[in-house]
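Per-entry structural report
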Amino acid sequence: MNVANKGIIRKLAFSQLKTHRKRTIWTLLGIILSTSMITAVFGFAASGAATITDIMDGNAFYTDMYNSTIYAMAAVFVSIIIAASVIVISNAFRVSADERTRQFGLLKCVGTTKKQIIKIIMHESLVLSAVAVPIGIILGLFVHFAGIEIVNALLAGLNRLTENPLILNFVFAWQAILLSVAVALLTVLFSAWLPARKAAKKSVIDSIRGSDEFKAGAKQIRANPIVKKLFGVEGALASKSIKRSRRNFRATVISLTVSVTLLIVVGSFGEQMRTMTDVFYPDIDATVAMQFVTSMSMDYSDEIVTRDFATIDSKQAGNITEQLRGFGDTPVYGAGLEYHSYEASIPREMMTPKLLDIYGNLFDDEFVLGIGFAVADAENYAELCKIAGVPIGSNILVNRYTHYQDGGREVFAPYIFGNQTLRVTGRYDDTAFDFPLHGELAMTEVPGEIYYASTGSVIVIVPEFDVTEYFWFAKPADKDGFIEHAFDVLDGIAFGGNEAQANTSIVDIEAQIEAMRGIPRLITVFVYGFVGMLTLIGLTNVISTISANVRLRSREFAVLRCVGMTHGGLLRMLNLESVLCSMKSLVIGIPLGIAGSYLVYRGFVSPVTMSYALPWAPILQCAFGVFVLTWAVMRFSASRLRGGSIVEALRLESGS
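The written sequence of each chain sets the order in which its residues are numbered from 1. pLDDT decides what is reported in this predicted model: residues at 70 or higher carry local features, side-chain atom pairs at 80 or more are listed and counted, and totals for whole chains, interfaces and linings draw on all residues regardless. As a convention, hydrogens and water are excluded, and side-chain values are obtained from all of the structure's heavy atoms.

Quick notes on the overall build of the chain
Note the threshold: Where helices and strands are cited, they refer to DSSP runs of H or I of at least four residues and of E of at least two residues respectively, numbered from the N terminus. To measure how exposed things are, a 1.4 Å probe is used in the Shrake-Rupley method; for residues, cover is taken only from the protein chains shown.
Scanning the chain from N- to C-terminus turns up 20 helices and 16 strands. A total accessible area of about 31700 Å² is found for the chain, and carbon and sulfur atoms account for 61% of it.

This is how it looks when you write it as structure tokens:
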């Protein structure tokens, strides 16, 4: 038999693909998904580079710098995709080669060379690539287009607030398409070459004797005693089967472990991103904000500083709040701040190590920082006192500090609270008084409305104060009608100080908040999308491997039926195998996922101080998903065992 004939090689390849259609379909899906991801990444890189070139408007230095960063990120993402794809696709071809071990042995007996065996498997990869790569390119272009639309939608709020909107355009770059085709094709060919080379190296005798998937080796395989005691004969057989079929189960466990690890990490990333977003961009359930702000003028003539600004006292602000609430019983949150006039001496023992790192070398015993006095309307102030666990009338320290440095910022808890009394002095006069602190609120306990108004180094919520800024937040059913009502309420109000310095306005806060949250949402969406696609690639491997494993063991199942095992017993054995396989992947994947989530947490701790929490929701979701997936696939694969002829199963080669 001259296998060198290309026609015979083609027939053998097509015959294998047609015979095992389900595995062929799952392999095609894996190639399609990996190709689409590669195409989408290159497409996003092309769109990003085009946008940067547009924005830089001929500035070659910055254009090259930013585009180099984009291309480097694309290379990293594509490398991850290639690594995942090689594992999945290579395993599919390995299973295919193992099923035909005896066939390859017979071909070697009639003169087939190692090179020709490799050609047979490589031809299969070329056929699959010819079908899957074009589909993957088309799907990748669709993902690229949809991703651009999502990006622009998430940036819409930010773009409404700027004169130079950032809009990404869908760029069809033929260079990116050709590169995607080349990378995808090389990935598939390399993935097929690895098992092909191994199959070709196997000796003729070992090939004719059959696959080495289930060799027991010199050491007798023993069932796990705990599994045997809990589940009886079926448990013992399931435990032994997993040990004998170690390579097949290893491929499944690796895919499940990687998926579990990635999903736990990305789930934790999502939770921590939401926490960080709440700190940086406070959540305000409002669509309209009315504001009173003042501009302060200062006269330094004759060495005397004269300040001229307007204020609003808590009582007057409360009256305005009640008038605004009168429009159709609209809930209104009032919050204000005075941060121009005072500073406080912070003793060294009150400062956390983080704050000492920033200011510790600038003082000996205490450090002077600006202090802001925040107020809220009576109803919401009472709620803040309740959260802090202090009586109404108390002064509540907001344990939050934003530090700006090197173009970035970090937020952390700066103070060690212990019912201290601060020494407060006037910035522009001789005012001095002792100011007691009765309670504290952590960063996550303070409503966004207070953060929206707050600036300054030290913020203390007080029962009442004359403030230079005040905001009223509302979410009316009739937005336009409420705005008209708000204009009437604010019009002509007499404020303390010089009214000429006071300014009242109405802000579309919905657009502002949406703009602030757009970038974090964009990051979260793309992280989830990328990991989700990688997980899908891994699942094609899990489904294909489990199905092939059941099919390869038809003779084993026939022998078990000969000695009296019922169909129900076989199903229980296979179910236990799926459970044991799932447990192994979870035992490895969950600790890796927790470790990964902690590394992500450490990355978030740099800009934001927050406590680490185990990602229980992603862990439970992954555990449930893994058990359901393996059980369902195993159950579906085993459904074909019912009713088959025992004699026929014993006569036929597995998978032939």
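Now that the structure is up, let's keep going.
Topic: the environment of leucine 186
Convention followed: Three exposure classes are used, based on accessible area relative to the maximum for each residue type with a 1.4 Å probe and protein chains only: buried under 20%, partly exposed in between, and exposed over 50%.
By secondary structure assignment, the location of leucine 186 is in helix H7 (residues 174-201). For leucine 186, a relative accessible area of 58% gives the class exposed. In the structure, leucine 186 is positioned 104 residues away from isoleucine 82 in sequence and 9.6 Å away in space, judged by C-alpha atoms.

Some words on the pattern of salt bridges
Applied cut-off: The term salt bridge refers to a side-chain nitrogen of Lys or Arg lying within 4 Å of a carboxyl oxygen of Asp or Glu.
With the rule as written, the count across this model stands at five salt bridges. Across the pair glutamate 343 and arginine 427 runs a salt bridge whose closest N-O atoms are separated by 3.7 Å. With glutamate 343 in strand E5 (residues 332-347) and arginine 427 in the loop between strand E10 (421-426) and strand E11 (432-436), this residue pair connects regions lying 84 residues apart in the sequence. For arginine 427, a relative accessible area of 36% gives the class partly exposed. The salt bridge partner of aspartate 434 is arginine 423, with a shortest N-O separation of 3.0 Å. A residue pair is termed long-range when its members are at least 10 positions apart, and aspartate 434 in strand E11 and arginine 423 in strand E10 qualify at eleven residues. Arginine 423 sits in the partly exposed class, given a relative accessible area of 39%. Members of the salt-bridge network, linked through shared partners, are Glu322, Arg325, Asp377 and Glu379.

Quick word on the nonpolar core
This is how the line gets drawn: Take the buried Ala, Val, Leu, Ile, Met, Phe, Trp, Tyr and Cys residues and link them wherever side-chain atoms come within 4.5 Å; each set so joined is a nonpolar core. It only takes one pair of heavy atoms within 4.5 Å for two residues to be counted as in contact.
Met290, Leu324, Ile346, Ile371 and Trp472 are the most contacted members of the largest nonpolar core, which has 41 residues in total. Per-element tally for this core: the top contributor is strand E6 (residues 366-376), with five residues. Leaving out residues up to four positions away in the same chain, methionine 290 has contacts with Leu324, Tyr470, Phe471, Trp472, Ala474, Phe482, Ala486, Leu490, Ser505 and Ile506. With 29 residues, the next largest nonpolar core counts Met565, Leu571, Cys581 and Ala623 among its residues.

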